[in-house]
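Chains, contacts and geometry: an overview
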Amino acid sequence: MNIKKILVQSLEESFLHLGYSIDDITLNFSNKPEIADFQCNSAFALAKKHGASPEVVATSIMANLKQDIAEVSFAKPGFINFKIKDKILSEVLNSAIADVKLGLEELPDEEKLKVVMDYGGANVAKELHIGHLRSPVIGESLARLYKILGNEVITDTHLGDWGLQMGLTIAQLQDDGYVDGYFDKSKKNKEITLDTLNEEYPKASKRKCEDEEFKKKAEIYTKFVQDKKDPYWQIYETIRNISVERIKANYEKLNCFFDLWYGESTSAGLVEPVVQMFIDQGLTRTHEGALVVDVAREGENIPIEKKNPDDTQMYKNPMPPVYLKKSNGADVYDTTDIATIYQRNRDFNPDKIMYVVDKRQAVHFEHCFRAVKMAGISPESQELQFVGYGTINGTDGKPFKTRSGDTIKLEDIINLICSGAEKKLSNNGISETENLALDIGVAAMKFGDLSNDPFKDYVFDIDKFASFEGKTGPYIQYTGARINSLLKKAKLTDKLDYLEALKLISIADQNQRNIAINFIKLQESYLTSYKNTSLSPLCNSLYDFASSYSKFYNDTRILTEQDEAKKNSYLALSLLVLKAIKQASDVLAFVIPEKM
Ligand code: ARG
């Protein structure tokens, strides 16, 4: 039963009867739960429109309402209040508990989409760092949110595995004698491990700024890899495998799992035909030896007159051209992303492709999106959505760095959140296992991130995030774990399964009413999160929901209740809360521990 829908329908009938436009209907959750659950404020706007008093309008709307799920009352000067009957709230909860999806409605069939989601974006040979944390966190949850609402989702981590870092690493490995055997069969190779890569790439990356010759060599090697030339290609594959194994392990710790482990290299074979499509349609020109496509629209990229002839050319509303080929013929980031859109459309024909990437890459994606639409690689009807996320800052408000000012590695962050969680656990006298600390740490970090809108920067404050009180992941986990042990103590965990719990809940007091209304809000927040492309509404509603249960839990003697029917109602209500918390935390991609 969708309570809000029923109320809106009855308002619609009343409005139509009175000759009011149904576009003027507003129905919101009331912020005074003691008085009302829902509130309709339409009378004010209608009164203005029709030159009557809000009170007269409101009373006539009320007189024409046909519904029997709520008590309706008037509040001066023009509010219509709805208080849902306890019996109806009980019915809502009892039917939710009997449903696998807890009554959560999917999108209407015609709105369901097939979506390719591109997130993660780790780079082969380069260490994962803090800049890579938000993409898997936000992306995984958006993917799960899309799925639970009935969309078909294909997730692809789109590894950065086709860029200069490949050539740089190979050149450095060669100089340090790791790959001699690849070039000369009489020689031996040294074992390459992840640690090797973690040393060699940064070394090479630094060297390329000081050593022009080395940089040139790396560029040539990159091109060799892109041409699949041996032994460069073989060395590349070795590096890729070592990297991918570690990347997978780290993502799994964060509860991120991908359908596809494709990368920039996957569409490499499509670059030539795709570039040809641009050439054939006359969309390209050469610029200083490179092949480019102009995508600027009217009013963009207007040259600003130089003061001195030597000044760099500046532009008003800059929108530089898209580079398809560098002057040395190598593919660039734009090219592989464009070819990837071609590949995804060929293989999956999705309604939408969504990218969860650092917001500083906005221009890159705008480039690719414009280019593929121009060339007809993406059909007009296809939505290409860039979800750009903001920076993770430290408590000092500046981008989060190590004490020495270096970028923090992802593994170090995972360790940091675990030790933050361990500290809280030992403060609370809970003996912990490594897994529990990881589960709590991940929830702390995820909730801390996802309760903000993606595009906003946020402050990474693990002490605050890991607290068991307040709007945090561990608080949600704690509420769930508490119910777990309650149900265990009641020895009803097994007995109270879906069907047996049916019709057990009987809402009887304000605390229970609050749980019921917050449950309805929680189930509604999935759609709000979906529409906003932000998990923040879900996080907020989940917190309110968990808090409403805590109040009930603290005020009610559950296990010692003598009246069997009441006790069963309390337990069934608790079970529903647990299930709803699990459903939401599953979308947020953290787990609810058995005990905490
Ligand atoms: N590897 C890129 C980076 O580290 C992110 C990839 C994002 N996805 C994409 N299709 N470009 O910045």
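Anything mentioned here points back to the structure above.
Description of the structure in this document. (Residues numbered from 1 in each chain as written. Predicted model: local features only at pLDDT ≥ 70, side-chain atom pairs only at ≥ 80, totals over all residues. Heavy atoms only, no water.)

Our focus in this paragraph is the sheet that holds strand S2 (residues 38-40). One open sheet holds the four strands; their spatial order is S1-S2-S4-S3, and the pairing between them is antiparallel. The open sheet has two edge strands with one neighbour each: strand S1 (28-29) and strand S3 (70-75). Pairing between S3 and strand S4 (residues 79-84): six bridges, direction antiparallel. Bridge pairing links Ser-73 to Asn-81 in S4. Where helix H3 (residues 54-63) meets the sheet, it contacts S3 and S4, and its direction lies at approximately 165° from that of S3. (Pairing = 2+ DSSP bridges. Helix = DSSP H or I, 4+ residues; strand = E, 2+ residues; numbered from the N terminus. Contact = heavy atoms within 4.5 Å. Axes fitted to C-alpha atoms, helices over the stretch in contact; angles between N-to-C directions.)

Looking now at the environment of Gly-167. Considering the arrangement of structural elements, one finds Gly-167 in helix H6 (residues 164-175). Along the backbone, Gly-167 and Glu-252 are 85 residues apart, and their C-alpha atoms lie at a distance of 28 Å. Those residues in contact with Gly-167 that lie beyond four places of it in its chain are Ala-218, Tyr-221 and Thr-222.

So, about the layout of surface pockets. Over the atoms rolls a probe the size of a water molecule, and in doing so it shows where empty space is left. Considering only enclosed or pocket space, the second largest pocket measures out at about 870 Å³ in volume. What lines the second largest pocket is a set of 30 residues, and nearest its centre among them are Asn-2, Lys-4, Lys-5, Glu-105 and Glu-524. Elements supplying a minimum of two residues to the lining of the second largest pocket: helix H1 (3-18), helix H4 (86-97) and helix H19 (510-532). (1 Å grid on protein atoms, 1.4 Å probe; cavity = no way out; pocket = protein on both sides within 12 Å on 5 of 7 lines; lining within 4 Å. Points joined across faces, edges and corners; volume = space filled by probe spheres on them.)

Another aspect to go through is the state of the cysteines. Enumeration over the complete set of coordinates arrives at zero disulfides. Distance from the sulfur of Cys-256, which forms no disulfide, to the nearest cysteine sulfur (Cys-418) is 14 Å. Cys-539 forms no disulfide, and the closest cysteine sulfur to it belongs to Cys-256, at a distance of 15 Å. Note on Cys-539: relative accessible area 0%, which makes it buried. (Disulfide = S-S within 2.5 Å. Buried < 20%, exposed > 50% of the residue type's maximum accessible area, 1.4 Å probe, protein only.)

Turning to H4, a few remarks are in order. Over its twelve residues, H4 runs 17 Å from end to end, which matches the ideal 16 Å to within 8%, given 1.5 Å per residue. Within H4, burial applies to Ile-88, Leu-89, Ser-90, Val-92, Leu-93, Asn-94, Ala-96 and Ile-97. (Expected span 1.5 Å × (residues − 1).)

So, on to the environment of Ala-218. Its location among the elements puts Ala-218 in helix H9 (residues 212-226). When the C-alpha atoms of Ala-218 and Gly-167 are compared, they prove to be 4.3 Å apart, with 51 residues separating the residues in sequence.

Pairing is parallel across the open sheet formed by four strands, whose spatial order is S6-S5-S12-S13. Across the chains shown, the open sheet's two edge strands, defined by having one partner strand only, are strand S6 (152-156) and strand S13 (383-389). Neighbour to neighbour, the strand axes of the sheet diverge by 20° on average, direction disregarded. Here strand S5 (residues 114-118) pairs with strand S12 (residues 352-358) via four bridges, running parallel. Along S12, the bridge assignment pairs Val-115 with Lys-352. Contacts from helix H5 (residues 134-148) reach S5, S6, S12 and S13, with the element oriented near 155° to S12. Of the strands in this sheet, S5, S6 and S12 are in contact with helix H12 (residues 333-348), which crosses S12 at around 145°.

Around the ligand lies a shell formed by Asp-118, Gly-121, Asn-123, His-132, His-158, Tyr-333, Asp-337, Tyr-355, Val-357, Gln-361 and Phe-365. Between the ligand and Asn-123 there is a distance of 2.7 Å, counted from a nitrogen atom to a side-chain nitrogen or oxygen. Its free accessible area being 350 Å², the ligand has 88% of it covered by the protein chains. Breaking the shell around the ligand down by element, the ones donating at least two residues are H12 and S12. Taken together, the residues of the shell around the ligand sort by class into four nonpolar, five polar and two charged. (Near = heavy atom within 4 Å. Polar contact = N/O pair within 3.5 Å; in protein donor to acceptor, adjacent residues only side chain to side chain. Areas by Shrake-Rupley, 256 points an atom, 1.4 Å probe, with all protein chains shown as cover. Nonpolar A, V, L, I, M, F, W, Y, C, P; charged D, E, K, R; others polar.)

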